[in-house]
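Notes for the structure review
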Amino acid sequence: MVVGDVTTGTDVLVIGAGPAGYVAAIRAGQLDLDVTLVEKDAYGGTCLNYGCIPSKALITATDVAHEAATAEEMGIHADPAIDLAGMMDWKDGVVDQLTSGVEKLCKANGVTLLEGTAHFVDENTVRVSHSGEGQGSESLEFEHAVVATGSRPIEIPNFDFADEPVLDSRQALSLDSVPDSLVVVGAGYIGMELASVFAKLGTDVTVLEMLDSILPGYDDDLKRPVKKRATDLGIEFEFGYTASDWHDREEGGIRVVAEPAEQTAADGGSTAEQVADDRLELDVENVLVAVGREPVSDTLDLEEAGIETDERGFIDTDSRARTNVDHIFAVGDVAGEPMLAHKGSAEGKVAAEVIAGEPAALDHQAMPAVVFTDPEIATVGMTESEAEEAGFETTVGTFPFRASGRALTTGDSDGFVKVVADEADGYLLGASIVGPEASELIAELGLAIELGATLEDVAATVHAHPTLSESVMEAAENALDHAIHTLNR
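Reading the values: the criteria
Residues numbered from 1 in each chain as written. Predicted model: local features only at pLDDT ≥ 70, side-chain atom pairs only at ≥ 80, totals over all residues. Heavy atoms only, no water. Pairing = 2+ DSSP bridges. Helix = DSSP H or I, 4+ residues; strand = E, 2+ residues; numbered from the N terminus. Axes fitted to C-alpha atoms, helices over the stretch in contact; angles between N-to-C directions. Parallel < 35°, antiparallel > 145°, perpendicular 65-115°, else oblique. Left-handed = near helix turned anticlockwise from the far one by under 90°. Contact = heavy atoms within 4.5 Å. Nonpolar A, V, L, I, M, F, W, Y, C, P; charged D, E, K, R; others polar. Salt bridge = Lys/Arg side-chain N within 4 Å of Asp/Glu carboxyl O. Buried < 20%, exposed > 50% of the residue type's maximum accessible area, 1.4 Å probe, protein only.

**Concerning the pairing of strand E13 (residues 254-260)**
Direction of pairing for strand E12 (residues 241-248) relative to E13: antiparallel, over a ladder of 7 bridges. Note that in E13 the partner of Thr-242 across the bridge is Glu-259. The hairpin formed by E12 and E13 contains 5 residues between the paired strands, and Gly-252 there has a positive phi angle of roughly 105°. Strand direction decides the pairing type here: E13 and strand E14 (residues 280-284), joined by 5 bridges, are antiparallel. Bridging from a neighbouring strand, Ile-254 pairs with Val-284 of E14.

Below, the structure written as structure tokens:
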């Protein structure tokens, strides 16, 4: 039976049920607004289903296997057998638990769930097309709308994700067998995280990067331990190259062709100058393209509602998540950099509260960023150079994990904690960590920045011993020239 077009209404329409959208919907429901949440694929969005959660599950699982296999120094001798099907089943169980929880939380907070694809008809109406033959569509009128359609992997010329040997991050997280060899195109956070996962599964991994280093945008001292650990895992790097094409090989597998980039590469890779007349050819089983993500904004007919985007397709918003159309908001990846799930969730809360008439706004000064490489990298606030460019005279303190008793007892002591403060008054401006549990340790420093804490505040806070968090205290003490367990500046 074909369902005819019907029109319904709602106070708040949220398009997209990822971490930005479902948080906006739940918060709006808590504020006694009538909310409808439209999702075309899966509740929880890319993050819960195909990105953050499954990737971290596999990172954890492969870390367990790798640590067991390399713990001879601790007197442990093991040769773990990896059951990839079992690992994937466990990962899928984690995902299912979280996504079903999102659906239950939405319903418990009075959110109406609607499956389908939404596009704007005008600034107060969307048409929702339901998936499945004969399911029809319906129109939905709204007083306020929140666009939270997220992002998708960027394709590059000649590497179509529909071709079996070519993988995007979603496909790489759902393989039913471990590839013998893999080219990863892109040394950003997604490429580096997944390169480590496959290397620990036994895959021969080569990373192609057009720039001269891994993890663009992060300071060299943070990247150095990650690059070293990756090399120790057997990951090979070719800097200064762009992937240009691939073709099947008669003997099986594929050949990936890469051309020299314009700039000269360094950091251990071949230089463009050295291979000016040559192409790089790599024979592998699969190629993973991880060159970044782009906003999903081209399917919404935004122009029908008068919503403006920038040249890359991101929707422009202000500090209250409003677009140029006063009653329409945008949150999460579709609203621009940084494309972080927790940033999207924070924006979702702000949008809901602004719609409800509350004086909410988003402050990015204490927005953390984490890379789940081995070792992890985490940052919050300003770097030393950013603080100086902003006009601050800075004082800096560091503490190496090799001086941490707890880090040494875990067998993982690479890296450090670094804090940056205003020299005049000691207020914390930023922090960066590379090392064990950096993703967890950064929260204390984010809170310190949010509360306007000083170095003295952090240094005077007694931290339990032996813990990794003592390193935060010691870094603050180092900036004050009275660290106990490392040499002061």
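**Regarding the packing of helix H3 (residues 52-69) against helix H4 (residues 84-108)**
Working note: a packed helix pair is described by the angle between its axes plus the distance between those axes. Two elements in contact, H3 and H4, have axes separated by 9 Å at closest approach and are oriented at 140°. If you check the angle between H3 and H4, you find them oblique. Considering only the axes of H3 and H4, their crossing is right-handed. On H4, the residues touching Ile-53, Pro-54, Ala-57, Leu-58, Ala-61 and Thr-62 of H3 are Met-87, Met-88, Trp-90, Lys-91, Val-94, Val-95 and Leu-98. Taken together, the residues that form the contact of H3 with H4 break down as 11 nonpolar, 1 polar and 1 charged.

**Points about the pattern of salt bridges**
This structure, assessed with the given rule, holds 24 salt bridges. Between Arg-255 and Asp-283 there is a salt bridge; the shortest N-O distance is 2.6 Å. Note that Arg-255 is positioned in strand E13 and Asp-283 in strand E14, a separation of 28 residues in sequence. Since its relative accessible area comes to 36%, Asp-283 is described here as partly exposed. In the salt-bridge network here, residues are joined through shared partners; they are Asp-63, Lys-200, Arg-229, Asp-374, Asp-412 and Asp-414.

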